[in-house]
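# Structural features, examined
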Amino acid sequence: MRSGSKFAALLLAGLALAGATPAMAQEASAADALFVVDTLFILLSAFLVMWMAAGFTMLEAGFVRSRNVAMQLTKNIGLFALAAASFALVGYGLSSIDADATIPGFLGAFKFGELGFAPAGSVPDTSKGGPADAAVFFYGLMFCATTASIVSGAVAERIKLVPFFIFTILLTGLIYPIQSSWTGADGFLSNLGFVDHAGSVTVHAAGGSAALMGILIIGARIGRFSKEGHGVPMPGSSLPLATLGVFILWLGWFGFNGGATLSAGTPSAMADISRVIVNTNAAACGGAICALVLSQLMYRSIDLTMVLNGTLAGLVAITAEPTHPSMLVAMLIGSVGGALVIVIVPLLDRLRLDDVVGAVPVHLCAGIWGGIAAGLTNPDGSVLAQLVGIAMICGFVMVASGVVWLALALSVGLRFDAETEQRGLDINELGMEAYPDFVTYEDSA
Amino acid sequence: MRSGSKFAALLLAGLALAGATPAMAQEASAADALFVVDTLFILLSAFLVMWMAAGFTMLEAGFVRSRNVAMQLTKNIGLFALAAASFALVGYGLSSIDADATIPGFLGAFKFGELGFAPAGSVPDTSKGGPADAAVFFYGLMFCATTASIVSGAVAERIKLVPFFIFTILLTGLIYPIQSSWTGADGFLSNLGFVDHAGSVTVHAAGGSAALMGILIIGARIGRFSKEGHGVPMPGSSLPLATLGVFILWLGWFGFNGGATLSAGTPSAMADISRVIVNTNAAACGGAICALVLSQLMYRSIDLTMVLNGTLAGLVAITAEPTHPSMLVAMLIGSVGGALVIVIVPLLDRLRLDDVVGAVPVHLCAGIWGGIAAGLTNPDGSVLAQLVGIAMICGFVMVASGVVWLALALSVGLRFDAETEQRGLDINELGMEAYPDFVTYEDSA
Amino acid sequence: MRSGSKFAALLLAGLALAGATPAMAQEASAADALFVVDTLFILLSAFLVMWMAAGFTMLEAGFVRSRNVAMQLTKNIGLFALAAASFALVGYGLSSIDADATIPGFLGAFKFGELGFAPAGSVPDTSKGGPADAAVFFYGLMFCATTASIVSGAVAERIKLVPFFIFTILLTGLIYPIQSSWTGADGFLSNLGFVDHAGSVTVHAAGGSAALMGILIIGARIGRFSKEGHGVPMPGSSLPLATLGVFILWLGWFGFNGGATLSAGTPSAMADISRVIVNTNAAACGGAICALVLSQLMYRSIDLTMVLNGTLAGLVAITAEPTHPSMLVAMLIGSVGGALVIVIVPLLDRLRLDDVVGAVPVHLCAGIWGGIAAGLTNPDGSVLAQLVGIAMICGFVMVASGVVWLALALSVGLRFDAETEQRGLDINELGMEAYPDFVTYEDSA
């Protein structure tokens, strides 16, 4: 028998009872409908966030030099697979604070993610509300993987595969979930009044913090800074792929910000989601326009890479609070994100920090700005609580990832030898080329 | 408290009242469900239409020469951001005719798009039906941006950034919204019986009209026509990116045509949407097959660029009326679109019109054909009303955009100097290359 | 009048009747809601499966050499269009066994797919449950086109366009639909207890079987094997495009496996779909990780192409039964798929079989494994029934497609002449290049 007729039969059976029954059946039906719509929307949102993995991959493949593209592709597909395993086996239990928490408010339980799922074919208890357990797990996993994707671009073109993958496993199994639990239900930062809708801080500033520590510890690519300390540009191999990556991320962000309340089945939830989508788009546009105008004014010609990163910074900045601002304010919040890119990129150059894709300005700096902005625009937010949360999250991730990066540097080692790095990781390490048919300046030199 | 339990509580409270209450509560519940599903579907559709911006970008990046790819990417991401700002600030108010219309039937109100949105957390009044205001705005914005995307490809490889962006702002803030209001509720063309489901005319022929005027006024690329007037092919730099663009547009079109009624929550709406999707796909296939066969017959070898544009022309042609035709008729309507590409492309060459991506055959010509076809297949349509609508819309857009293009030509100027154009806009204007690692024939010459 | 208010009016009218009416109206409303949600979800799923066509296209464009990329793009967009026409005109009727079946259990009816669709604007009878007819057709069409996409990559770089397109028409109009009807309602394999959720066997092993026969009959590319019989690698032109293709397929697979029950409107359906998504993702990750580790162990360096195909093999393997396994078991099933790639790819080389993209290991071998695994994990499955089903389906497709390939070889001929093949199909057959601006080693040699 089809589930449909079962459902109708259930309703009919319920309605055959006493006078109060229609109301009760209707309540059950409303809970069921909520469950269905919430689950459907969270799955759609998760698909969009999963798609962001392709966006990061294309962005990074476009921003690295052709000799290291295959390596970057390998890192991105590998990290996504490892993040899934690591989050499922350890991270998911740590990512929320429940009755089994190891330290209430601070550290969740060590348990395998599968455990809570309803078995196949069972009828879920919809009275507790919310999407299906497995859908919530999947959505959380996609956020965790996003955090890892942020790191891979920053340390590109010089890090070895094995330490990068080990870092990914620890980031997605321990570091990310522990701090993300702080901002969920019963987390100590939530209790302090810290707000972060979809993770300007929890995902983006956290990922950016891990990236910054990686950049600091691994050091710059050979030749990236002259002996006098000036930055030497190393242009990426394919701006179309980088631009495609940004469009993919932009689209994916509608799921990232749209699905974050895990609720969609009521008119007010749907109206709020609509606001979130409009504001997310407005912030991206604000970031793009601001970077467009400022790069023209400051460098006398528009810089497409700045526009691309400005767009992403706009998206990062609105992520902590996309529901309450008006569209114009959202555009302004995004614009500040775009401006941060224009300011921070040359600053990193002056500090001799080599951030290949701009993860620090886009994810760390715009993420912190987004966290602060949420204190200004969320009626329940306070800038003080936001600053505390930002300091706790970024501090924890910096310390934890710093320890991991250092341990890896001292054990397996982080970098290739100089010759391998200069000749390109693809040929020397993978034994393949990303574009084997095409003559590059490198080859022809 | 979760929204879910609020909703159930509301229902229970309602049902605790008098005997008529279950019916009233059920009516409220039905209106709520409609609001939720309509909004969810329109958001999904809008995401797909947003994705079309990536499709246009990849199509155009693939169809221009490598020396101008970064410029084309910059134009596309910039136009999308500027369209969002311009439509929000001015265009949205003009895009529909309501009680505040400046000239009833012809010119909407000048008002900021934000104004009508329900505030965050409020419970929307679902009794008026339809999706959330913000979702309707977002969907409309995506259509407006699509119109601007059509123009950018046609005038590629020679137009300066600033006049292009100014044109985009005026097109998306004034020209597009004014004519699109004519075909909405209480628009004078709607009142005349003009039908255009998702915009074969309002979006595609309108965008194509603006593109044609741009091509006429800006003139052909240097070297595009020999002194004897023969067309000199300038093949695009990447057919895989162009093909990816077409697949993206094809997918996006399901949202473009599927969401256009703004209604999804009833069985008949969903059945009609299913028909629309089937017919949209059938028309794309018809356009592709027709271009495949005709290019083989006429040129003795299949031309992939013709197949790509034939597919798009099929999609454009069905857009005015994808609900009523049978699948076979839809395929036929798309085939005629594909045939138009095969006929119009060489004709433009003979007229020495340089349309880099084929915007005139695909969007203007197939759009006009789609508008006429709707008069034949829509039971409420008439070919006469369609011809009047097409003439009004294309005439208005041609005059308005012609004035803007001319004003820009005479003020800031539209074109780069000849040397910049011949050496490539990327290096000379942006100071960057789209593919800096790769040796091109241009470089090696 | 909007459909929304019609719906509410209908409800009110119903409720104005006798005491039993609220229950009846509620039942009607529940059936309507199921119809709406089922249709919405199946359309969303079908959009994702359609997107897989872009994934195959990018994968294959990346895996063939630059001289044959335009041809591969043409084949992929052409096959998708032709599959749509062929399935609509003939295949759809054959793809299910109903009361009109030509041979009950074995051969459906020859009828035009359009016939059953509800006319535009009609109110569907929702009491029979399930999604709208047109949506079911569209979803089925996307599966059929996927089967054809599997073949195009295997026989790339040497097959002529016309025989390839003729094969596609016969595969999608006859071969695929006939065998897919065996596993649907009242199909003889279903009656035997064969289970195959979304088609590890019906789509992937079937497509892989057609590909294997094509490879056998058309023979290897010139130069692919040395005189001594050793495999000579012919690396693909763009690993970023191939990786993009895999990410697209991964995303699309959520629709492929998620929508396969055609049911989404009840809590239990949605909970099961959530499990399916989690398991589909886990299997992909298992396949990727396994290929990553094994390629490192066996070849001493990670091979990105193996990781890409391992990911796809993981997805293929879980497709027959993604609902019942736990997440860890799903990851294991996917891992075995990834391991098969590592084992089968060198085996094909030793057998001098030239499978350009790896269709045989990924789709045929992992598909068979997935079919067997379903016998182990589905509570209603049996390994014996699975083996019978696999033998029947693969046997039928091999014989039928072998006959077609042979007939084509003996009539129009399958291959280009040696010179055309060696110089590249794009220039010689299409008269265009996929990357005309770039200097390739081929050109510069």
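All of these numbers come straight from a predicted model, not from anything done at the bench.

Cut-offs applied
Residues numbered from 1 in each chain as written. Chains lettered and ligands numbered in written order. Predicted model: local features only at pLDDT ≥ 70, side-chain atom pairs only at ≥ 80, totals over all residues. Heavy atoms only, no water. Helix = DSSP H or I, 4+ residues; strand = E, 2+ residues; numbered from the N terminus. Rg over C-alpha atoms; globule rule 2.2 N^0.38 Å. Buried < 20%, exposed > 50% of the residue type's maximum accessible area, 1.4 Å probe, protein only. Contact = heavy atoms within 4.5 Å. Buried area = accessible area lost by both parts, 1.4 Å probe. Salt bridge = Lys/Arg side-chain N within 4 Å of Asp/Glu carboxyl O. Core = buried A, V, L, I, M, F, W, Y, C linked by side-chain atoms within 4.5 Å. Least-squares fit on C-alpha atoms with pLDDT ≥ 70 in both. Phe/Tyr/Trp six-rings, centres within 6.5 Å; stacked < 30°, edge-to-face > 60°. Patch = residues over 30% accessible without salt bridge, like charges linked within 9 Å, V, L, I, M, F, W, Y side chains within 5 Å. Areas by Shrake-Rupley, 256 points an atom, 1.4 Å probe, with all protein chains shown as cover. Polar contact = N/O pair within 3.5 Å; in protein donor to acceptor, adjacent residues only side chain to side chain. Bend = angle between axes of the 7 residues up to and from the residue. Lys, Arg positive; Asp, Glu negative; His and termini not counted. Axes fitted to C-alpha atoms, helices over the stretch in contact; angles between N-to-C directions. Parallel < 35°, antiparallel > 145°, perpendicular 65-115°, else oblique. Left-handed = near helix turned anticlockwise from the far one by under 90°. Nonpolar A, V, L, I, M, F, W, Y, C, P; charged D, E, K, R; others polar. pLDDT = per-residue confidence, 0-100.

Moving on: the overall build of chain A. If you tally the helices and strands in chain A, you get 16 helices and zero strands. A compact globule built from 445 residues should have a C-alpha radius of gyration of about 22 Å, and chain A, at 23 Å, falls within 12% of that. Judged by the C-alpha coordinates and their principal axes, chain A covers about 85 × 45 × 45 Å. Across the 445 residues of chain A, 68% fall into the buried class.

Attention now moves to the interface of chain A and chain C. Counting from both sides, the interface comprises 73 residues of chain A and, opposite them, 70 residues of chain C. For the pairing of chain A and chain C, the buried interface totals around 5700 Å² over both sides, and the portion due to carbon and sulfur atoms is 79%. Among the residues of chain A in contact with chain C, Phe47, Ile77 and Phe438 of chain A are the three that bury the most area, contributing 12% of the side total. Between the two partners, chain A and chain C, sit zero salt bridges.

Here we take up the pattern of salt bridges. Counting across every chain of the model gives 24 salt bridges over all chains. The salt bridge partner of arginine 221 of chain B is glutamate 157 of chain B, with a shortest N-O separation of 2.4 Å. Of the two residues, arginine 221 of chain B sits in the loop between α7 (200–218) and α8 (239–258) while glutamate 157 of chain B sits in the loop between α4 (133–154) and α5 (161–182), which places them 64 residues apart along the sequence. Note on accessibility: arginine 221 of chain B and glutamate 157 of chain B belong to one class, buried. In this structure, arginine 423 of chain C and glutamate 419 of chain C form a salt bridge, with 3.5 Å as the shortest nitrogen-oxygen distance. Of this pair, arginine 423 of chain C and glutamate 419 of chain C both sit in helix α14 (residues 418–423), four residues apart, which is roughly one turn of the helix. Exposure remark for arginine 423 of chain C: the relative accessible area of 47% places this residue in the partly exposed category. Here the salt bridges do not stand alone but share partners, grouping Arg65, Glu157, Arg221, Arg224, Asp349 and Asp354 of chain A into one network.

This part takes up the nonpolar core. Grouped together as the largest cluster of nonpolar side chains are 463 residues, with contacts concentrated most on Trp51 of chain A, Trp51 and Trp250 of chain B together with Trp51 of chain C. Every residue in contact with tryptophan 51 of chain A, bar those within four places of it in the chain, is listed here: Ile248 and Leu251 of chain A, Trp51 of chain B together with Trp51, Leu244, Phe247, Ile248 and Leu251 of chain C.

Turning next to the relation of the copies chain A and chain B. Superposition of chain A onto chain B requires a rotation of 120° combined with a translation of 0.0 Å along the rotation axis, giving an RMSD of 0.0 Å. With respect to symmetry, the two chain copies, as superposed, fit the operation of a three-fold axis. No C-alpha of chain A lies nearer the rotation axis than that of valine 439 of chain A, which sits 3.3 Å from it. Here only 13% of the contact residues of chain A are again contact residues in chain B; the copies associate through non-equivalent surfaces.

Turning our eyes to something else, we now look at the relation of the copies chain A and chain C. Rotating chain A by 120° about the axis while translating it 0.0 Å along that axis superimposes it on chain C, leaving an RMSD of 0.0 Å. Looking at chain A, a mere 12% of its interface residues are interface residues in chain C too, so the copies touch through different faces.

Turning to the packing of aromatic side chains, a few remarks are in order. Scanning all chains against the criterion turns up 63 aromatic pairs over all chains. A ring pair is formed by phenylalanine 138 of chain A and phenylalanine 254 of chain C, whose centres lie 5.3 Å apart and whose planes are at 75°; its orientation type is edge-to-face. Of this pair, phenylalanine 138 of chain A sits in helix α4 (residues 133–154) while phenylalanine 254 of chain C sits in helix α8 (residues 239–258), on two different chains. Across the pair, exposure class does not vary: phenylalanine 138 of chain A and phenylalanine 254 of chain C are buried alike. Judged by centre distance (4.8 Å) and plane angle (55°), the ring pair of tyrosine 139 of chain B and phenylalanine 143 of chain B falls under tilted.

Let us look at a nonpolar patch on the surface. A surface patch of nonpolar side chains, about 480 Å² in accessible area, is lined by Phe110, Val162, Ile166, Leu170, Leu174 and Val412 of chain B. By secondary structure assignment, the location of valine 162 of chain B is in helix α5.

Let's shift gears to the interface of chain A and chain B. Chain A puts 70 residues into the contact, and the matching count from chain B is 73 residues. Summing both sides of the interface, chain A and chain B together bury roughly 5700 Å²; the carbon and sulfur share of this comes to 79%. Linking chain A to chain B there are zero salt bridges. Linking chain A to chain B there are six residue pairs in polar contact (both at pLDDT 80 or more). Those elements that place two or more of their residues in the side of chain A that touches chain B are α2 (21–63), α8 (239–258), α9 (267–299), α10 (304–318), α11 (327–350) and α16 (441–444) of chain A. The leading source of residues in the side of chain A that touches chain B is α9 of chain A, at 15 residues.

Once that is clear, we can look at helix α3 (residues 69–94) of chain A. The largest bend along α3 of chain A measures about 60° and falls at phenylalanine 87 of chain A. With 23 of 26 residues buried, α3 of chain A is to be regarded as a mostly interior element.

Residues and elements named next belong to chain C. The residue glutamate 157 is not glycine, and still its phi comes out positive at about 70°. Here arginine 352, not a glycine, exhibits a phi torsion of approximately 60°, which is positive. Look at arginine 352 and you get partly exposed, because its relative accessible area is 43%.

What follows covers the side chain of lysine 75 of chain C. Residue and element names in this part refer to chain C. With respect to the helices and strands, lysine 75 occurs in helix α3 (residues 69–94). Lacking a salt bridge, the buried lysine 75 has aspartate 426 as its closest oppositely charged neighbour, with an N-O distance of 8.2 Å. Ignoring anything within four residues of it in the chain, the contact list for lysine 75 reads Glu157, Ile159, Leu161, Phe164 and Phe165.

Next up on the list: the environment of serine 274 of chain C. Tracing the sequence through the fold places serine 274 of chain C in helix α9 (residues 267–299). Considering only alpha carbons, one finds serine 274 of chain C and threonine 323 of chain C, 49 residues apart in sequence, at a separation of 8.8 Å. Look past the residues within four positions of serine 274 of chain C in its chain and what remains in contact with it is Thr39, Leu43, Ala132, Ala134 and Ala135 of chain A.

Direction vectors running N to C along α3 of chain A and α8 of chain C enclose 15°, while the axes themselves pass 9 Å from each other. Relative to α8 of chain C, the element α3 of chain A lies roughly parallel. Relative to α8 of chain C, α3 of chain A is oriented so that their crossing is left-handed. Of α8 of chain C, the residues touching α3 of chain A (which contributes Val69, Ala70, Leu73, Asn76, Ile77 and Phe80 of chain A) are Leu239, Pro240, Thr243, Val246, Phe247 and Trp250 of chain C. Considered class by class, the residues forming the contact of α3 of chain A with α8 of chain C number ten nonpolar, two polar and no charged.

The subject of this paragraph is the side chain of aspartate 32 of chain A. All names here are of chain A. One can find aspartate 32 in helix α2. Buried aspartate 32, no salt bridge; nearest opposite-charge side chain is lysine 128, N-O distance 11 Å. Polar side-chain contacts of aspartate 32 include one of 2.7 Å to the side chain of threonine 126.

All right, on to the confidence of the model for chain A then. All names here are of chain A. Mean pLDDT over chain A: 91, with 92% of residues reaching 70 or higher. Here residues 1–20 is a poorly scored stretch, pLDDT under 50, and it has 25 contacts once near neighbours within four places are set aside; other chains count. Model confidence for the complex is summarised by a pTM of 0.95, with the ipTM given as 0.94.

Residues and elements named next belong to chain A. The interhelical angle for the contact between helix α12 (residues 359–377) and helix α13 (residues 383–410), taken along N-to-C directions, is 155°, at an axis separation of 7 Å. As summarised for this structure, α12 and α13 are arranged roughly antiparallel, according to the angle between their axes. For the pair α12 and α13, the crossing hand works out as right-handed. Residue-level contacts link Leu364, Ile368, Gly371, Ile372, Ala374, Gly375 and Leu376 of α12 to Val383, Gln386, Leu387, Ile390, Cys394 and Met398 of α13. Considering only residue class, the contact of α12 with α13 consists of ten nonpolar, three polar and no charged.

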